Protein chains: 2
Amino acid sequence: MIDDIDVSILKQLQKDARLSFAEVGRTIKLSASAVRERILKMEDTGVIKKYGIEIDHSKVGYDLEAFILVKVFHGKLKLLLSTIPSISEIEKAYRITGNQNIHLKVILKNQLHLQQLIDKLMPFGDTHTLLILSDVSSNDS
Amino acid sequence: MIDDIDVSILKQLQKDARLSFAEVGRTIKLSASAVRERILKMEDTGVIKKYGIEIDHSKVGYDLEAFILVKVFHGKLKLLLSTIPSISEIEKAYRITGNQNIHLKVILKNQLHLQQLIDKLMPFGDTHTLLILSDVSSNDS
DNA sequence: ATTGAAACCAGCAGGTA
DNA sequence: TACCTGCTGGTTTCAAT
């Protein structure tokens, strides 16, 4: 379904999603059209879910990032799930195993903003907030 | 530093980072070169950190995703931080507040793979693993 | 997977306000 | 400074091989 050439294409796009088909092809000795067809196929099959950008939120006025773990009240899960898309502060949301059942990554302006978000989440469950101090990934996979 | 036009450019790129300058410009009534200059400036100032792709890992043989919270042993933090980049399973790593001090997002093939990773992390601290059941973001911000 | 051709875009120069 | 137009070479796209 996916071969070594596809993997090396994916790795290049992970580093820079705006590389042209021609550029990708040059480094793996393939024509631009061949690269294009492989990438289109990976889009169609859903291997590539989307092309996105990473923003430094602290440079646009959002100085606080946090994880919020929610232990959802009995019967409130469906309502919370349908509410999540309307909360712009939530960057990513997952159902998880464990004592808490929802894991949120949130982007906020400041502590007041965090407080307001927690207030908004309170009707759905008990929250536990972990502030993000710094990104320590430095991941060039 | 950043105005409404920049914000709308960022939103478009978040949806599709491969949009051409011309395409972005068309939807906001701006020339391609104006869009290009704005984007270059946001790259230079670090607002845009990178262009990346989101991969559906389950379609390439990695069926397990998890968060691992690590309560790092006294004196082991620096060593862990320097080890993290060499662990390919770690997609993202953060220092956080709370009882645990490191938050990892990991991509794994299966439970055995998870076990091996936890074994690798054990020397650095006590781990607490939260399996990801599903993505419930549906976030078209 | 490749090539070839038409449409399109990136990058840059030079210009306006 | 922020935007524009016009130009050129490279790129995307699609069809044929």
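Being a predicted model, the structure only gives us computed values, none of them experimental.

1. Some details on the protein's contact with DNA strand D
Part 1 of the reasoning: Around DNA strand D there are 13 residues in total, and Arg-26 and Arg-36 of chain A together with Ser-31, Arg-38 and Lys-41 of chain B lie nearest to it.
Part 2 of the reasoning: Backbone sugar and phosphate groups make up 79% of those atoms of DNA strand D lying within 4 Å of the protein.
Part 3 of the reasoning: Within the contact set of DNA strand D, a phosphate oxygen lies 2.8 Å away from a side-chain nitrogen or oxygen of Arg-26 of chain A.
Part 4 of the reasoning: Lys-41 of chain B has a polar side-chain atom sitting 2.5 Å from a phosphate oxygen of DNA strand D.
Part 5 of the reasoning: Sorting the residues of the surface near DNA strand D by element identifies α2 (21-27) and α3 (32-44) of chain A together with α3 (32-44) of chain B as the ones contributing at least two each.
Part 6 of the reasoning: Ranked by residue count, the leading element in the surface near DNA strand D is α3 of chain B, at 5 residues.

2. Observations concerning the side chain of Lys-105 of chain A
Part 1 of the reasoning: Here Lys-105 of chain A shows up in strand β4 (residues 102-108).
Part 2 of the reasoning: Within the structure, the side chain of Lys-105 of chain A is placed 3.3 Å from the side chain of Tyr-94 of chain B, a separation counted as a polar contact.

3. A word on the pattern of salt bridges
Two side chains bearing opposite charge may form a pair once their charged atoms approach each other closely.
Part 1 of the reasoning: With the rule as written, the count across this model stands at 12 salt bridges over all chains.
Part 2 of the reasoning: One salt bridge in this structure joins Lys-105 of chain A and Glu-91 of chain A, with 2.9 Å as the shortest N-O distance. One end of the pair, Lys-105 of chain A, is in strand β4; the other, Glu-91 of chain A, is in strand β3 (residues 90-96), and 14 residues separate them in sequence.
Part 3 of the reasoning: For Lys-105 of chain A, a relative accessible area of 11% puts it in the buried group.
Part 4 of the reasoning: The closest approach of N and O atoms between Asp-56 of chain B and Lys-59 of chain B, which form a salt bridge, is 3.7 Å.
Part 5 of the reasoning: The structure contains a network of salt bridges with shared partners spanning Asp-3, Asp-6 and Arg-38 of chain A.

4. Let's talk about the interface of chain A and chain B
Part 1 of the reasoning: Between chain A and chain B, the contact holds 49 residues from the first and 49 residues from the second.
Part 2 of the reasoning: Here chain A and chain B share an interface that buries about 5200 Å² over both sides, 56% of which is from carbon and sulfur atoms.
Part 3 of the reasoning: Its largest share of buried area at the contact with chain B, chain A owes to Arg-18, Ile-53 and Glu-54 of chain A, together 15% of the area lost on that side.
Part 4 of the reasoning: Linking chain A with chain B are 2 salt bridges.
Part 5 of the reasoning: Its salt-bridge partner being Asp-135 of chain B, residue Lys-92 of chain A comes within 2.7 Å of it at the nearest N-O pair.
Part 6 of the reasoning: Between the two partners, chain A and chain B, sit 32 residue pairs in polar contact (both at pLDDT 80 or more).
Part 7 of the reasoning: Of all elements in the fold, only α1 (4-15), β1 (48-55), β2 (64-72), β3, β4 and β5 (125-135) of chain A reach the threshold of two or more residues within the side of chain A that touches chain B.

5. Describing the pairing of β5 of chain A
Part 1 of the reasoning: Where β2 of chain A meets β5 of chain A, 7 bridges bridge the pair, whose relative direction is antiparallel. When the sheet's bridge partners are listed, Phe-67 of chain A is paired in β5 of chain A with Leu-130 of chain A.
Part 2 of the reasoning: Note: β5 of chain A against strand β3 (residues 90-96) of chain B, 3 bridges, orientation antiparallel. For Ile-132 of chain A, the partnering residue across the bridge sits in β3 of chain B and is Ile-96 of chain B.

6. Here's the deal with α1 of chain A
Part 1 of the reasoning: The end-to-end C-alpha separation of α1 of chain A is 17 Å, in line with the 16 Å expected for 12 residues at 1.5 Å each.
Part 2 of the reasoning: For α1 of chain A, the complete set of buried residues consists of Asp-6, Ile-9, Leu-10, Gln-12 and Leu-13 of chain A. The buried residues of α1 of chain A occupy an angular sector of 165° when projected down its axis, which confines them to one face. Residues of α1 of chain A that are exposed and angled more than 90 degrees away from the buried face: Asp-4 and Lys-15 of chain A.
Part 3 of the reasoning: Along its buried surface, α1 of chain A packs onto α2, α3 and β1 of chain A together with β1 (48-55) of chain B.

The rules behind the values
Residues numbered from 1 in each chain as written. Chains lettered and ligands numbered in written order. Predicted model: local features only at pLDDT ≥ 70, side-chain atom pairs only at ≥ 80, totals over all residues. Heavy atoms only, no water. Near = heavy atom within 4 Å. Polar contact = N/O pair within 3.5 Å; in protein donor to acceptor, adjacent residues only side chain to side chain. Helix = DSSP H or I, 4+ residues; strand = E, 2+ residues; numbered from the N terminus. Salt bridge = Lys/Arg side-chain N within 4 Å of Asp/Glu carboxyl O. Buried < 20%, exposed > 50% of the residue type's maximum accessible area, 1.4 Å probe, protein only. Contact = heavy atoms within 4.5 Å. Buried area = accessible area lost by both parts, 1.4 Å probe. Pairing = 2+ DSSP bridges. Expected span 1.5 Å × (residues − 1). Arc of directions from axis to C-beta.

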